[in-house]
Amino acid sequence: MITSDERGVIIQALRDKHTYWSSPANRLSFFNGFDNQLGWVPSFGIQRDNDGYFHMQDDLISYCNLQNGYVIRIRKTWSENDWTCYTNLHNLAIESNEFRIDIPKYREIINIDGHDWEYAELQSPNNDYGQNFNDDVFEWPELTNGILVNPSITEEFKNSTAQYFRELAETSSEVLKYACQVAETNNCGLPRNIVKPTSRFKDAIGYFWSDFDQDNWVDTKQEVLDYSFAVYTGHLHFAKICGTMDDVRIQQCTDYARTLWTTI
Amino acid sequence: MDNDLNRYFVTLDVYKGTEKVYSTTIPRSLLHTISACKYPGSEFNIRVIDHTGNFRIKTDAF
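Along each chain, residues carry numbers from 1 onward, in the same order as the chain's sequence is written. Chains and ligands are labelled by the order in which they are written, letters from A for the one and numbers from 1 for the other. Local features are withheld for residues below a pLDDT of 70 in this predicted model, meaning they are given only at 70 or higher, and side-chain atom pairs are given and counted only at 80 or more; totals for whole chains, interfaces and linings count all residues.

**Here we look at the sheet that holds strand 2 (residues 19-27) of chain B**
All names here are of chain B. Selection criterion: At least two bridges found by DSSP between two strands are what make those strands a pair. Note on conventions: DSSP H or I runs of at least 4 residues are helices, E runs of at least 2 residues are strands, and numbering of each starts at the N terminus. Lines fitted to C-alpha atoms define the axes here, with helix axes fitted over just the stretch in contact, and angles between the N-to-C directions of these axes take values from 0 to 180 degrees.
In spatial order, the strands read 2-1-3-4; together these 4 strands make up an open sheet with antiparallel pairing. Each edge of the sheet is formed by a strand with only one pairing partner; in this case those strands are strand 2 and strand 4 (55-58). Direction aside, neighbouring strands of the sheet carry axes that sit 25° apart on average. Relative to strand 2, strand 1 (residues 9-16) runs antiparallel, the two being bridged by 8 bridges. Bridging from a neighbouring strand, Leu12 pairs with Thr24 of strand 2.

Next comes the structure, spelled out in structure tokens:
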């Protein structure tokens, strides 16, 4: 439990990071003199400390504690609906026991340079930061010289990857179903990134969905489905680059996901 | 920083041709974001190094 005094210190730390990141000179220094024109500079900066890392970008500053899955963040673009809907969805997660998401712990509005930012605290459901799609990718046979498909990849391995993606579509379908229910109740849209493959984490208990607390609940169901399908397909093609999928399996997975998601 | 949290991070080494021009560390959970840091025809490529020092993937593969 964070005390009021501790929270004050935390918020100040986030404010300081925002001030730092808002300075073009600091950002140029952070990227070692390069700028975005060169085509590789990320839109965010990462600073590590002993327990986790700060994530800095224009409209979002967050700190993620990797030891216990506690996340604090401030974001510039928000609406009252967002936190209400997210909290409602969490309640449904508890009631239904069909899916898991990060636990909303605390929220307040703070003012930075005349603009209201939303400060929030969340915690992963088992106090464990967890692992996401990218960690699973690192379990695949690595590319030779970073480019060439590893010849050790078997048809059986591709089958297991296809099964992984089918399961991803299934678990996405579950949380989407409940999010649609929340959106309807609150007469609003949906969070765009809710079922991105990299939003799904796993811990010792199972999967849980993370990070979409930063989204605005504004997109239509069709927009979210179209976007989710495009991202899902992109990850399938990334798997093909890594040699763990092929065109036939990609088609089977996309057909499966499309069928599942159109019945939500 | 040398503790067991290293497993959560990867190093991005940025190359211009064969010359390494920059290096940074990001959480592995954000690794997918590098696909947006590389566009066709860019003279730069990014090599991803895992916490054990293994060279895993470079953006030329995209």
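Let us keep going from here.
**Some details on helix 6 (residues 221-241) of chain A**
Residue and element names in this part refer to chain A. Counted only if it meets this: One less than the number of residues in a helix, times 1.5 Å, gives the span that helix is expected to have. For every residue pair, C-beta atoms are placed from the backbone, and the pair is scored as a contact if these atoms sit within 7 Å.
Helix length check: helix 6 (21 residues) gives 30 Å between terminal C-alpha atoms against 30 Å at 1.5 Å per residue, within 8%. In the core, the buried residues of helix 6 are packed alongside helix 5 (155-186), strand 7 (190-191), strand 10 (217-219) and helix 7 (247-262). One or two positions beyond helix 6, positive phi appears at Gly243, with a value near 85°.

**Structural notes on the domain arrangement of chain A**
As a reminder of what qualifies: Residue ranges for the domains originate in an automatic or database domain assignment.
Its domain assignment divides chain A into domain 1 (4-75) and domain 2 (133-262). The centre of domain 1 of chain A, based on its C-alpha atoms, is set 27 Å off from the matching centre of domain 2 of chain A.

**Observations regarding the confidence of the model for chain B**
All names here are of chain B. Rules: pLDDT measures how confident the predictor is about each residue, on a scale from 0 to 100.
Looking at chain B, the pLDDT average stands at 79 and 77% of residues meet or exceed 70. Within chain B, strand 1 carries the highest mean pLDDT (88), whereas strand 4 carries the lowest (76). Across the interface, the model reports ipTM at 0.85; the global pTM reads 0.92.

**So, the nonpolar core**
How we decide: One nonpolar core equals one set of buried Ala, Val, Leu, Ile, Met, Phe, Trp, Tyr and Cys residues connected by C-beta atoms within 7 Å. Exposure is read from a count of other C-beta atoms within 10 Å of each residue's own; the residue is exposed at 12 or fewer, buried at 20 or more and partly exposed in between. C-beta atoms are placed from the backbone.
In terms of nonpolar packing, the biggest core is built from 36 residues, with Leu89, Val175, Tyr178, Ala179, Val182, Ile194 and Trp209 of chain A touching the most fellow members. Those elements giving two or more residues to this core turn out to be helix 3 (80-96), helix 4 (133-137), helix 5, strand 9 (207-209), helix 6 and helix 7 of chain A. With 10 residues, the top contributor of residues to this core is helix 5 of chain A. Here Ala179 of chain A is in contact with Leu89, Leu190 and Ile194 of chain A, once residues within four sequence places are set aside. Counting 29 residues, the second-largest nonpolar core is a separate cluster that includes Trp21, Ala120 and Tyr129 of chain A together with Ile26 of chain B.

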